[in-house]
Structures are given as structure tokens and as C-alpha cells.
2 protein chains.
Amino acid sequence: MQPAFRKVVIFGVGLIGGSFALALRKAGAVSEVVGFGRSTATLEQAMQLGIVDRIGSDIAGEVGDADLVLLATPVAQMGEIFARIAPHLGAHTLVTDGGSTKGDVVAAARANLGDKLPQFIPAHPIAGAEKSGASAAQADLYQGKKVVLTPLPENPGESVARVRKAWEWCGAVVSELTPQQHDAVFAAVSHLPHLLSFALVHDLAQRDNRDQLLSFAASGFRDFTRIAASSPEMWRDICLANRDAMLRELLQYANELHVLYQALEQSDAAKLEEVFSEARKVRSAWTQQ
Amino acid sequence: MQPAFRKVVIFGVGLIGGSFALALRKAGAVSEVVGFGRSTATLEQAMQLGIVDRIGSDIAGEVGDADLVLLATPVAQMGEIFARIAPHLGAHTLVTDGGSTKGDVVAAARANLGDKLPQFIPAHPIAGAEKSGASAAQADLYQGKKVVLTPLPENPGESVARVRKAWEWCGAVVSELTPQQHDAVFAAVSHLPHLLSFALVHDLAQRDNRDQLLSFAASGFRDFTRIAASSPEMWRDICLANRDAMLRELLQYANELHVLYQALEQSDAAKLEEVFSEARKVRSAWTQQ
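Residues numbered from 1 in each chain as written. Chains lettered and ligands numbered in written order. Predicted model: local features only at pLDDT ≥ 70, side-chain atom pairs only at ≥ 80, totals over all residues. Heavy atoms only, no water.

Caption draft 1: A look at the pairing of strand β2 (residues 30-36) of chain A. All names here are of chain A. Where burial is concerned, most of β2 is hidden: six out of the seven residues are buried. In this structure, strand β1 (residues 5-11) lies alongside β2, joined through six bridges in parallel fashion. Within β2, the residue paired with Phe5 across the bridge is Val30. A crossover connection joins β1 to the parallel β2 through helix α1 (residues 15-26); in handedness this β-α-β unit is right-handed. Here two bridges tie β2 to strand β3 (residues 54-55), and the two strands are oriented parallel to one another. Paired with Gly35 across the two strands is Ile55, which belongs to β3. (Buried < 20%, exposed > 50% of the residue type's maximum accessible area, 1.4 Å probe, protein only. Helix = DSSP H or I, 4+ residues; strand = E, 2+ residues; numbered from the N terminus. Pairing = 2+ DSSP bridges. Right-handed = clockwise from strand over helix to strand, strands pointing away.)

Below is the structure:
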């Protein structure tokens, strides 16, 4: 049986792109993977790890006959890549990405893909990224994980279905949102918590007695601040890319804290218990899907 | 060899009190454990689990010849217990507690122990409490965990040393702070994170699209909000007991968020990266002790 994809081109062969390649290979869904990237060392490592078959050197020559192109670079680099691949994309080549924000990626695609825009189906794989780089890539990274597609009005249905299938071959559970819905949802459940966690550690880090404080921090602090060890550059970019939704979320959260501050100031035990109880009820009922 | 403690009396035989009893037993440091509590069912369960030798029925008769009394009830009940045991405490009976806040417990002791105050050495065992009740008690709960003593100026040195030794027999690593230092430290590294975590879940729980939001929450949300499943009653009491330090921490944190809000509003990439980088550096270097 022929693999579903004869040729897949991946920009950025780190955790996200490398795992995508390994997963498609494992599923027998791809014949050839070609990698592009800024770092020659990373590309050579990806070769050694069996992530890519070849290191690409000529974008124009590689994307014309590719079945699928994945952009798995930092989001800030995607505009330039869209511009470089647009003139050379084959008529049947589909493009997807692995960016954590979608409004900005879609804007970059609209600005740079020209009449190839309908071939781009945006995606966000929800896969933990404490580690990074080609060496962290693994074939089962997406197994059972969510991938959100944010199709554009211009996307033909069969193209969306084909990109969906690619992520499903990786083991992912695929759902769809609009780019706007996506960014609002992830501002609330992911981007805001990251910012709050960074903020707490930064707050404590400024104190004269920082070492004393940290010496008494325990498991609650450990879990609350785990995400404060995330990549500063990546989260700077995510916050800026999703700025409007983040500002709304921050205002809403500040209002929540204001209510709790007042309750505490007035020793309003009933109000505190009401807020904490509602939170506990919801958090206890939640199970990661 | 005689055990260090002939008789230990424990008020509240749940996770904290029950584990203390089991640990002292395992260390061969106690001959007899007598339990008091509000719930007959819990006391009977503690009997069955081998936590206590007897269920106490007469406080006056039990605490006179006890070597050590542990108050492991909710902090709000401690004032009443101090008042009830004070007239009957033996000259050599020491008292300690397992409360998460110390300023309020010390105030309750000063108000109710009278001239027995020097016999009370306050303590806070830093042991996770996702579970509760006698059935959650375990002999190794305190193994390698921190216990903070907050001795009073009135405490004789040998009494502090003896209570320290009791917690060390439980496997704990014991350190000392003043009650004020303790409450300031734990407001920052424990009480504030709990409130922030409750606040985030409550914030999301109020939304019309709450189910959609929660369906896309992943591992970052999971860890950040783990402590939002904690006991609402306990954390209401902790917040109120440590109100002044909590108000200070909340104000400081709100200021931190205000700085980040402004940086985001101005798309100040450098400022965001600076804050996130400093947080990551400190969090990555931190290891739970």
C-alpha cells in the first residue's frame, strides 16, 4: 500500500516538528521527510535520529512536489516562511503549522500566502513542551493529545479532512475552533496561568529573603510554578501574539483578586468559602481529556 | 529501653494527628496514645487502624500525666481545647500543635493557657494534605518533610528540644522561625498560591463557555490548579487567620500583575522577557528541600 503522503517537508525539526515526522513514519503514512531549519546542528541531529531523510537546501525545489508542509518553527518566523514557500507550493500541497496561537499565524498567512491561502489549514497541537529540540522528539508525543484545527473560510473541506487525518495518524484527537475562539480559549486556560505562574516566582525572586522563602516552599508551590520554568522567549511571543485576549483575561482575573481582597479585608468568611468551594467543585470534577 | 514518651494525648486523629501517632509508634518512642475528637466514628476508625490505644473520655483525667499533647484539629478549635486542658496539664506535660498558621494559634494559647503557656511549643508540619481523615494517616507522612517550630520567649530551651525531638522521631527535618516570620513566609509561598489557584478556577467557572474552556485545559492548567481542589473550609480559615500577611501579599502580587499588564499593553517584549527569564532562572534552580 502506498503511504498517504509521498513527501512531507518540515520547517523546524524540534520537539513539535520532529515528533510529527516520527509519528507519521511509525504510522507508515509517509515515504520521505525533508527538513529545513536555522540550525545546521539540529538538522544533522534530526538526520541521525531518523527524523528526516534529507536536509533540504532549496525551498523552491522541495515544496513544489510535497504533499504536506508543516511549519513547526517559533510563530514569529512563520510569516517569512509563508512568503518563501508561497510562489513554489504545488497545486496539491497542503500546509499546516504547530503554533500555540492562531490569530497571528492566520494573519501572517493572509499577508504572505497570496492565492495559496486556501492550502493552509492552521493547527495547534496541545502537547507539553517542557523539553525542546530534536532530541526530545518522540513518535508518541501526540498519542491521545488534543490538536485544534482552526480552518479558514477559504479551506476546501477535503483539505481540512486530509490535514485532520495527518494529525490523527500521529495519534491525536482533533477538534475544530475558529482562530478567534482558539485564542480566547487558550488565553484563559493556558496563557493566563503561565503568566500568573511567572509573576508569582518573579514576585518572590525580588525579595531580600528570597532564599528563606524558597527553602520553605513545598509541593503546592512546586506544582503551581512548574510552568514558570517554561521558555521565556516562547511565552513572551505567545503573550504578544495573543495580546488582546490576554489583556481581557488579566483584567478579569485582577477583578477576581479584587473581590477576594475585599472579602479578606472585611473578614468575609462566607464569601471566601463560597469562592473556594465553587473552585474546588469545578476543579475536582474536571479530568484532563 | 523505656520509650521517650509514656503517654501521648492527641486531639484530632486525622491525617496530621494520626500520622504523628503512627510515626512515634514506629520509632518506638511512645507507650500509649490516647485520642480525643469530635467524631466518634473517626475515633473508632483510629482505634481499628492502630493509631490510638484508647479513646479518651475525660480530658481532665488524661492530660495530667501525659508527656505530650498534640493539637491536630482545625486551628479554629484550638482556643477552646487550650482552655479545657489548661487547668489539668501536668507540670511536665508539653503541648504542641499541627496548625498551618501560627500567629493565631499563639494568640489563642496566650488567651487560654494562662500560666501553662511556657509548656506550649507551636509547630507546623509541612506535609501535603490532599487527603484527610484517619484512613489517610501513615507512619511515614513526615519522613523527610519540614516541620517549623515557632518557639515562644516563654519556652524553656529543654522543652523546645524535647518537642523538636518528637517531630524528628517522626522523620521530620525541624527548623525554627518566630510566629511572625512563619506567617509571612507561608503567606508568600503557600497561602497566596492557594488563593491564586482558587481564583483562577472560580474565574473560569463563572463563564458561559466554562465546559468548552475546561475541555481544552491541559497539563499546565492541571498542575497550576491542583491546589484549587483543597479544602475550602481549611483555606478560608488559613486566609482569615493570616489575614494581614495575605493582604500584603495580594497587594504586592496585584502590583506585579499591573506591571505585566502595562508591558503587554505597550507590547514591551523586553520587559516581558526579563520578568519571565528571571522567574525561569529562579524556578529552575529551586529544588524542593
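Caption draft 2: Representation of the relation of the copies chain A and chain B within the structure. After a rotation of 180 degrees and a shift along the axis of 0.0 Å, chain A superposes on chain B with an RMSD of 0.0 Å. On this basis, the relationship between the two copies can be described by a two-fold rotation axis. Ranked by how close their C-alpha atoms come to the rotation axis, the residues of chain A are headed by Phe224(A), at 2.1 Å. Most of the interface of chain A is mirrored in chain B, where 100% of its interface residues again form contacts. (Least-squares fit on C-alpha atoms with pLDDT ≥ 70 in both. Contact = heavy atoms within 4.5 Å.)

Caption draft 3: The arrangement of the interface of chain A and chain B in detail. Chain A puts 82 residues into the contact, and the matching count from chain B is 82 residues. With both chains or domains summed, chain A and chain B bury close to 8300 Å², and 68% of this area falls on carbon and sulfur atoms. Counting across the chain A and chain B interface gives eight salt bridges. A salt bridge links Glu273(A) to Arg236(B); its shortest N-O distance comes to 2.4 Å. Considering every element that reaches the side of chain A that touches chain B, the biggest residue donor is helix α7 (residues 179-205) of chain A, with 17 residues. For the side of chain A that touches chain B, the per-class residue count stands at 47 nonpolar, 17 polar and 18 charged. (Buried area = accessible area lost by both parts, 1.4 Å probe. Salt bridge = Lys/Arg side-chain N within 4 Å of Asp/Glu carboxyl O. Nonpolar A, V, L, I, M, F, W, Y, C, P; charged D, E, K, R; others polar.)

Caption draft 4: Seen up close, the domain arrangement of chain A. Residue and element names in this part refer to chain A. What the domain assignment lists for chain A is domain 1 (5-176) and domain 2 (181-285). For domain 1 versus domain 2, the separation of C-alpha centres amounts to 32 Å. Facing the 11 residues of domain 1 at the interface are 10 residues of domain 2. In total, domain 1 and domain 2 occlude about 800 Å² of area from one another, counting both sides; carbon and sulfur atoms represent 65% of this. Counting the contacts that link domain 1 with domain 2 gives zero salt bridges. The tally of links from domain 1 across to domain 2 stands at three residue pairs in polar contact (both at pLDDT 80 or more). Partitioning the side of domain 1 that touches domain 2 into residue classes produces three nonpolar, five polar and three charged. (Domains from an automatic or database assignment. Polar contact = N/O pair within 3.5 Å; in protein donor to acceptor, adjacent residues only side chain to side chain.)

Caption draft 5: Just the side chain of Thr225(B), in detail. Here Thr225(B) shows up in the loop between α9 (219-224) and α10 (232-241). We classify Thr225(B) as buried; its relative accessible area is 0%. There is a polar contact of 2.6 Å between the side chain of Thr225(B) and the side chain of Arg283(A). Ignoring anything within four residues of it in the chain, the contact list for Thr225(B) reads Arg283(A), Ser197(B), Leu200(B) and Val201(B).

Caption draft 6: Structural detail: the packing of α7(A) against helix α12 (residues 269-285) of chain B. Two elements in contact, α7(A) and α12(B), have axes whose closest approach is 8 Å; the angle formed by their N-to-C orientations is 75 degrees. Relative to α12(B), α7(A) is oriented roughly perpendicular. Between α7(A), through Leu195(A), Phe198(A), Val201(A), His202(A) and Ala205(A), and α12(B), the contact on the second element is made entirely by Val275(B), Phe276(B), Glu278(B), Ala279(B), Val282(B) and Arg283(B). Looking at the contact of α7(A) with α12(B) residue by residue, the class counts come to eight nonpolar, one polar and two charged. (Axes fitted to C-alpha atoms, helices over the stretch in contact; angles between N-to-C directions. Parallel < 35°, antiparallel > 145°, perpendicular 65-115°, else oblique.)

Caption draft 7: A look at helix α12 (residues 269-285) of chain A. Residue and element names in this part refer to chain A. With 17 residues, α12 ought to run about 24 Å at 1.5 Å a step, and its terminal C-alpha atoms sit 24 Å apart, in line with that. Along α12, the residues that are buried comprise Leu272, Val275, Phe276, Ala279, Val282 and Arg283. The buried side chains of α12 occupy one side of the element, clustering within an arc of 130 degrees when seen end-on. In this structure, α12 carries Ala270, Lys281 and Ala285 as exposed residues pointing more than 90 degrees from its buried face. (Expected span 1.5 Å × (residues − 1). Arc of directions from axis to C-beta.)

Caption draft 8: Molecular detail of the nonpolar core. Core analysis: the biggest nonpolar cluster contains 88 residues, and Tyr253(A), Leu257(A), Phe276(A), Tyr253(B), Leu257(B) and Phe276(B) have the highest contact counts within it. Ignoring sequence-local partners within four residues, the contact set of Tyr253(B) consists of Leu196(A), Ala199(A), Leu200(A), Asp203(A), Leu257(A), Leu192(B) and Leu196(B). (Core = buried A, V, L, I, M, F, W, Y, C linked by side-chain atoms within 4.5 Å.)

Caption draft 9: Quick look at the pattern of salt bridges. Taken as a whole and assessed by the stated rule, the structure comprises 42 salt bridges over all chains. For the salt bridge of Glu176(A) with Arg164(A), the shortest nitrogen-to-oxygen distance reads 3.4 Å. You can see Glu176(A) sitting in strand β8 (residues 173-176) and its partner Arg164(A) sitting in helix α6 (residues 157-169), a full 12 residues away along the chain. Look at Arg164(A) and you get partly exposed, because its relative accessible area is 25%. Between Arg54(B) and Glu32(B) there is a salt bridge, with the nearest N and O atoms lying 2.9 Å from each other.

Caption draft 10: Geometry of the pairing of β8(A). In the sheet, strand β7 (residues 146-149) of chain A pairs with β8(A) via four bridges, with the strands oriented parallel. Each residue of the ladder has a partner; that of Val147(A), found in β8(A), is Val174(A).

Caption draft 11: Fine view of unusual backbone geometry. One non-glycine residue, Ser267(A), lies in the positive phi region at around 50 degrees. Mapping Ser267(A) onto the fold places it in the loop between α11 (243-265) and α12.

Caption draft 12: Seen up close, the sheet that holds strand β5 (residues 94-97) of chain B. Residues and elements named next belong to chain B. The five strands are arranged β3-β2-β1-β4-β5 in an open sheet whose pairing can be described as parallel. At either margin of the open sheet sits one strand with a lone partner, and together these are β3 (54-55) and β5. Packing against the sheet, helix α1 (residues 15-26) makes contact with β1 (5-11), β2 (30-36) and β4 (68-71), and its axis sits at approximately 165 degrees to β1. Most of the contacts of helix α6 (residues 157-169) go to β5, to which it runs at about 50 degrees, and overall it touches β1, β4 and β5.

Caption draft 13: A look at the sheet that holds β1(A). Residue and element names in this part refer to chain A. Here five strands make up an open sheet; going across it, the order is β3-β2-β1-β4-β5 and the pairing parallel. Among the strands making up the open sheet, the edge pair consists of β3 and β5 (94-97). Of the strand pairs in this sheet, β1 and strand β4 (residues 68-71) are connected by four bridges, and their pairing is parallel. Across the sheet, the residue bridging to Val8 is Leu68, located in β4.

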